[in-house]
Number of protein chains: 2
Amino acid sequence: MKLFDGGKAPNPRRVRVFLAEKGIEVPLVPVDMGAMGHRDAQIAERNPLRRLPVLELDDGTVLTESVAICRYFEELHPQPALFGTGALGRARVEEWQRRMELYFLSSVASAFRHLHPAMKEWEVPQVPEWGEANKPKALDFLKILDAELQNHEFIAGDDYSIADITGMIAVDFMKPARIAVPDELTNVRRWHDSVSARPSAKA
Amino acid sequence: MKLFDGGKAPNPRRVRVFLAEKGIEVPLVPVDMGAMGHRDAQIAERNPLRRLPVLELDDGTVLTESVAICRYFEELHPQPALFGTGALGRARVEEWQRRMELYFLSSVASAFRHLHPAMKEWEVPQVPEWGEANKPKALDFLKILDAELQNHEFIAGDDYSIADITGMIAVDFMKPARIAVPDELTNVRRWHDSVSARPSAKA
């Protein structure tokens, strides 16, 4: 088994943090995304979408999409449960994982990809007006998250989950996207400090 | 238990098709999205994101996000399995469900929301340039899907899954988004005809 990894980018990091939380070691094949290595034949023949990460099993089976790779490892190594436990618990993690991804990470990523000069080759065409429109979307979502985190230690309730991984990485991605976490969102700040202090955050 | 439903919109329909495939009946509370009913207090107090569908359990517990609601019912009624079976099967459905959603449905929805005059109040600001940029994104993805469907009856393999539901609804959503399925994508057309002929497609 080997994991084609993409360094600092949010999706490859999601899988590395997930594996660190599970205590699973998978050999990494580093791919230099800065040099567009994810568009080379090595990746294109495994993932027609030319995106990272890509997991390859020993029999050559290929699995792509960060959350799908995480779910594969959750099935093989159920503890600690990072996709929730029980019907409602699993649905609750799915709900928050989706919210973090669709209304937050995607907004931060759109601001970054459509506004940052280094993204010109990646996002064609860059639409700066769309990048700007995403900054208030990300901040509106953070306000809703702050209200929810008043009652819970973690995003989907009392237990750390994949929703916290997506959320932590989205907050970290705000820096290159040039969006600041407002000072008054004290619950978001408390939660982000807490999840960032876990050893997995360095993965 | 009751499901606040939003009629023709893609996400409410995803849950109705899923329930029909499972043979589960849940009382529906119709919400008129055309009259912005999803922004009224009835929904806002249950979902701060003011989106549909919303599931409310008999004890008042609220669950939002179409795929999270589907997963809740999958956990309660595992057969027929619509999220896959086995570790690799479940990961494969997650992979394709994400691909259908992130690279296809979201592109079709962005074209619709940023270009259709009726969406002016929904998508603020509308960015027509971004709407146009999404049309080739949707078509590029469909070409990749067509190649995959040469080898499988359904999107994630030999069995119908939630990825087919998301895909069918995204293809149907191409019509109001004014994007045509190219004639030469014969595998996509064969698959879409087949899933549209299932009784669940009318839900």
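Since this is a predicted model, take the numbers as computed values, not measurements. (Residues numbered from 1 in each chain as written. Chains lettered and ligands numbered in written order. Predicted model: local features only at pLDDT ≥ 70, side-chain atom pairs only at ≥ 80, totals over all residues. Heavy atoms only, no water.)

Caption draft 1: Main features of the overall build of chain A. In terms of helices and strands, chain A carries 7 helices and 4 strands. Shown N-terminal to C-terminal, the secondary structure of chain A runs as helices and strands in the order β-α-β-α-β-β-α-α-α-α-α. What you see for chain A is a C-alpha radius of gyration of 17 Å, in line with the 17 Å of a compact globule of 203 residues. Projected onto the principal axes, the alpha-carbon positions of chain A cover approximately 50 × 45 × 25 Å. Within the span of chain A, comprising 203 residues, buried residues form 57% of the whole. Intrachain contacts of chain A at a sequence separation of at least 6 include 65% that bridge at least 24 residues. Total accessible area on chain A stands at roughly 8,800 Å², and carbon and sulfur atoms take up 51% of it. Averaged over its 26 positive side-chain charges, chain A has a centre that lies 3 Å from the centre of its 30 negative ones. (Helix = DSSP H or I, 4+ residues; strand = E, 2+ residues; numbered from the N terminus. Rg over C-alpha atoms; globule rule 2.2 N^0.38 Å. Buried < 20%, exposed > 50% of the residue type's maximum accessible area, 1.4 Å probe, protein only. Contact = heavy atoms within 4.5 Å. Areas by Shrake-Rupley, 256 points an atom, 1.4 Å probe, with all protein chains shown as cover. Lys, Arg positive; Asp, Glu negative; His and termini not counted. Charge placed at Lys NZ, Arg CZ, Asp CG, Glu CD.)

Caption draft 2: Structural view of the relation of the copies chain B and chain A. The operation relating chain B to chain A is a screw motion whose rotation component is 180 degrees, with 0.0 Å of axial translation and a residual RMSD of 0.0 Å. Overall, the copies show the geometry of a two-fold rotation axis. The position closest to the rotation axis in chain B is occupied by the C-alpha of Trp130(B), lying 3.3 Å away. A high fraction, 100%, of the interface residues of chain B reappear at the interface in chain A, so the copies pair face to face through one surface. (Least-squares fit on C-alpha atoms with pLDDT ≥ 70 in both.)

Caption draft 3: Region of interest: the side chain of Arg13(A). Residues and elements named next belong to chain A. Following the sequence through the fold, Arg13 ends up in helix α1 (residues 10–22). By relative accessible area, which is 14% here, Arg13 ends up buried. The contacts of Arg13, once residues within four sequence positions are left out, are Gly7, Met168, Ile169, Asp172, Ala201 and Ala203.

Caption draft 4: Structural view of the pattern of salt bridges. Across all of its chains, the model carries 37 salt bridges over all chains by this definition. Note that Arg90(A) is salt-bridged to Glu75(B), the shortest N-O span being 2.8 Å. Residue Arg90(A) is located in helix α4 (residues 86–115), and its partner Glu75(B) is located in helix α3 (residues 66–76); the two belong to separate chains. For Glu75(B), a relative accessible area of 27% corresponds to the partly exposed category. Several salt bridges converge on common partners, so that one network encompasses Arg14(A), Glu65(A), Glu101(A) and Arg98(B). (Salt bridge = Lys/Arg side-chain N within 4 Å of Asp/Glu carboxyl O.)

Caption draft 5: Structural view of the packing of α4(A) against α3(B). One way to put it is that α4(A) packs onto α3(B) with a least axis distance of 8 Å and a crossing angle of 160 degrees. Between α4(A) and α3(B), the angle falls in the class roughly antiparallel. When you trace α4(A) past α3(B), the crossing you get is right-handed. Contacts between α4(A) and α3(B) involve Ala87(A), Leu88(A), Arg90(A), Ala91(A), Glu94(A), Glu95(A) and Arg98(A) from the first element and Ser66(B), Val67(B), Ala68(B), Arg71(B), Tyr72(B), Glu75(B) and Leu76(B) from the second. In terms of residue class, the contact of α4(A) with α3(B) is built from 7 nonpolar, 1 polar and 6 charged. (Axes fitted to C-alpha atoms, helices over the stretch in contact; angles between N-to-C directions. Parallel < 35°, antiparallel > 145°, perpendicular 65-115°, else oblique. Left-handed = near helix turned anticlockwise from the far one by under 90°. Nonpolar A, V, L, I, M, F, W, Y, C, P; charged D, E, K, R; others polar.)

Caption draft 6: Summary view of the packing of aromatic side chains. Residues and elements named next belong to chain B. Summed over the entire model, instances satisfying the criterion amount to 13 aromatic pairs over all chains. Seen from their ring centres, Phe112 and Phe173 are 5.0 Å apart, and the 55 degrees between their planes marks the pair as tilted. On the criterion of sequence distance, the pair formed by Phe112 in helix α4 (residues 86–115) and Phe173 in helix α6 (residues 162–173) is long-range, its members being 61 residues apart. Given the relative accessible area of 13%, Phe173 is considered buried. The ring of Phe83 carries the charged tip of Arg71 above its face, separated from the ring centre by 4.2 Å. Above the plane of the ring of Trp96 lies Arg99, whose end atom (NZ or CZ) is 4.6 Å from the centre. (Phe/Tyr/Trp six-rings, centres within 6.5 Å; stacked < 30°, edge-to-face > 60°. Lys NZ or Arg CZ within 6 Å of the ring centre and 35° of its normal.)

Caption draft 7: Quick peek at the confidence of the model for chain A. For chain A, the average pLDDT comes to 97, and 100% of its residues sit at 70 or higher. Overall fold confidence (pTM) sits at 0.97, and the ipTM for the predicted complex is 0.96. (pLDDT = per-residue confidence, 0-100.)

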